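Survey of secondary and tertiary structure
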Amino acid sequence: MENFSFVNPVKIIFGKDTIKKISTEIPSGSKVLITYGGGSIKANGVYQQVSEALSGFDTFEFSGIEPNPHYETCMKAVELIKQKGINFILAVGGGSVIDATKFIAAAACSTQGDPWEILSKGRKITNALPFGTVLTLPATGSEMNAGAVITRVETQEKLSFSSSRTYPKFSVLDPTTTYSLPIKQIGNGVVDAFVHVIEQYLTYYDGDSLLQDMMAEAILKTLVIEGPKALTEPTNYDVRANLMWASTWALNGWIAQGVPEDWATHMIGHELTAFYGLDHGQTLAIILPGLINELKEQKAKKITRLGKEVFGIEEDHAIEQTIKAVESFFEQMGVKTHLSDYNLDEEAINKIVERMNQRGWKLGECRNITPDTIKRILISRK
Ligand code: NZQ
Ligand code: ZN
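Read on for a plain summary of the structure. Because the structure is predicted, anything quoted here is derived from the model rather than measured. (Residues numbered from 1 in each chain as written. Chains lettered and ligands numbered in written order. Predicted model: local features only at pLDDT ≥ 70, side-chain atom pairs only at ≥ 80, totals over all residues. Heavy atoms only, no water.)

This next bit is on the sheet that holds strand S1 (residues 11–14). As a general point, the strands of a sheet are linked pairwise by backbone hydrogen bonds and lie either parallel or antiparallel. Reading across from one edge, S1-S8-S5-S4-S2-S3 is the order of the six strands in this open sheet, with parallel pairing throughout. Lying at the two open borders of the sheet, with one neighbouring strand each, are S1 and strand S3 (58–62). Averaged over all adjacent pairs, the angle separating strand axes in this sheet is 20°, with direction ignored. Sheet topology places strand S2 (residues 31–35) next to strand S4 (residues 88–93); four bridges connect them, and they run parallel. Within S4, the residue paired with Thr35 across the bridge is Ala91. With respect to the sheet, helix H4 (residues 71–84) is in contact with S2, S3 and S4, its orientation differing from that of S3 by roughly 160°. (Pairing = 2+ DSSP bridges. Helix = DSSP H or I, 4+ residues; strand = E, 2+ residues; numbered from the N terminus. Axes fitted to C-alpha atoms, helices over the stretch in contact; angles between N-to-C directions. Contact = heavy atoms within 4.5 Å.)

Here you go:
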């Protein structure tokens, strides 16, 4: 195991009927901006619960944050914050609303240059407004991490940042808020959480990191057991609770400590979303099986371990069987795994490879995934 130092300061408030607890988590006298998306929270009663809990506060609203949130939209919220003297933000929604809120919180305190440079140049965030979250979609882990991914429509770029200043102060995880999720979003969320674990677990590394490995496998198994049940039993509380907590754990930082991380599937997937608007989970379901296959020698020991511990595969050809099992699981969750399923062809492959060439990135835990490797991965996913 490698050396590490780590802190995760996010307070988690988990369970039924917990939204009301936000009233004691937000400093009294705060001017609160409630950020949300396209209105799902109005249809499922979450908005009502948040409004009641915030009745003692001076509140404002900013709605219309889109999936794969736009920089352009975030900047409108920053204007409102400055105009009204808002000093606390409450994000109510999925990863997109939470990510947008992280960027808004940082951009509202940015005093030099264009806040886009936080994303494009990795400019350090020195201050951000405090914010909390009410999570309604288990997937990204954004509720308990410091990262965010923002899209700039104008340039078709989807970029990420992370800062110790952009951890939520608290996150409310009430599994009943997820009963209203469309089937598509349940599938996307399970695939996203699954791939988060894989990015931190399925590497060349065969050092002595038994606890991280076994924690990763526990999260993956939970997703494999409970994911399909959520599709057929949408109001099974325990299934929803297990999925919500597993998704948070998939990307709250703990399983990444002391081990190398990959993240190439995400980086390639972000380009598919930036150019073609695919859902985040869909992009991962396309790329991951191809990436594992391409790197099967480098990652051989961990692939074999994944097959045995998560999918119960012990026979010959365990590596091929495991890659198939991963792909079948994504399909079982209703998320298609080939470019052609989304009407994408050679043109998309060329566009992504060209951008990777421009960026000059070398991806993966060994920094050996070049544009040529990416081309082979994409061709294998036609
Ligand atoms: O906009 P509303 O009306 O709220 O509807 C949303 C949206 O249309 C809907 N939804 C959310 N909760 C619901 C619900 N519908 C019914 N009932 C509910 N309870 O679901 C749709 C998708 O929401 P979105 O927030 O976009 O999904 P998700 O949570 O998957 O977030 C995806 C974004 O997170 C980023 C992705 O790149 C993408 O932009 N990620 C963030 C990460 C992080 N911060 O650590 C890591 C991830 O790898 C990921 O990249
Ligand atoms: Zn993800």
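The local shell around ligand 1 holds 33 residues, among which Gly38, Gly95, Ser96, Lys158 and His196 are the closest. Between ligand 1 and Gly38 there is a distance of 2.7 Å, counted from an oxygen atom to a backbone nitrogen or oxygen. A distance of 3.1 Å separates an oxygen atom of ligand 1 from a polar side-chain atom of Asn68. Burial of ligand 1 by the surrounding chains reaches 88%, relative to a free accessible area of 960 Å². Those elements giving two or more residues to the shell around ligand 1 turn out to be helix H5 (95–107), strand S6 (147–152), helix H7 (183–201) and helix H10 (264–276). Taken together, the residues of the shell around ligand 1 break down into nine nonpolar, 21 polar and three charged. (Near = heavy atom within 4 Å. Polar contact = N/O pair within 3.5 Å; in protein donor to acceptor, adjacent residues only side chain to side chain. Areas by Shrake-Rupley, 256 points an atom, 1.4 Å probe, with all protein chains shown as cover. Nonpolar A, V, L, I, M, F, W, Y, C, P; charged D, E, K, R; others polar.)

Where helix H12 (residues 300–311) contacts helix H13 (residues 318–332), the axes come no closer than 9 Å and their chain directions differ by 60°. Considered as vectors, H12 and H13 are oriented oblique to each other. In terms of crossing hand, the pair formed by H12 and H13 is left-handed. Facing Ala300, Ile303, Thr304, Leu306, Gly307 and Phe311 of H12, the residues of H13 in contact are Ala318, Ile319, Thr322, Ala325, Val326 and Phe329. Of the residues in the contact of H12 with H13, the class split is nine nonpolar, three polar and no charged. (Parallel < 35°, antiparallel > 145°, perpendicular 65-115°, else oblique. Left-handed = near helix turned anticlockwise from the far one by under 90°.)

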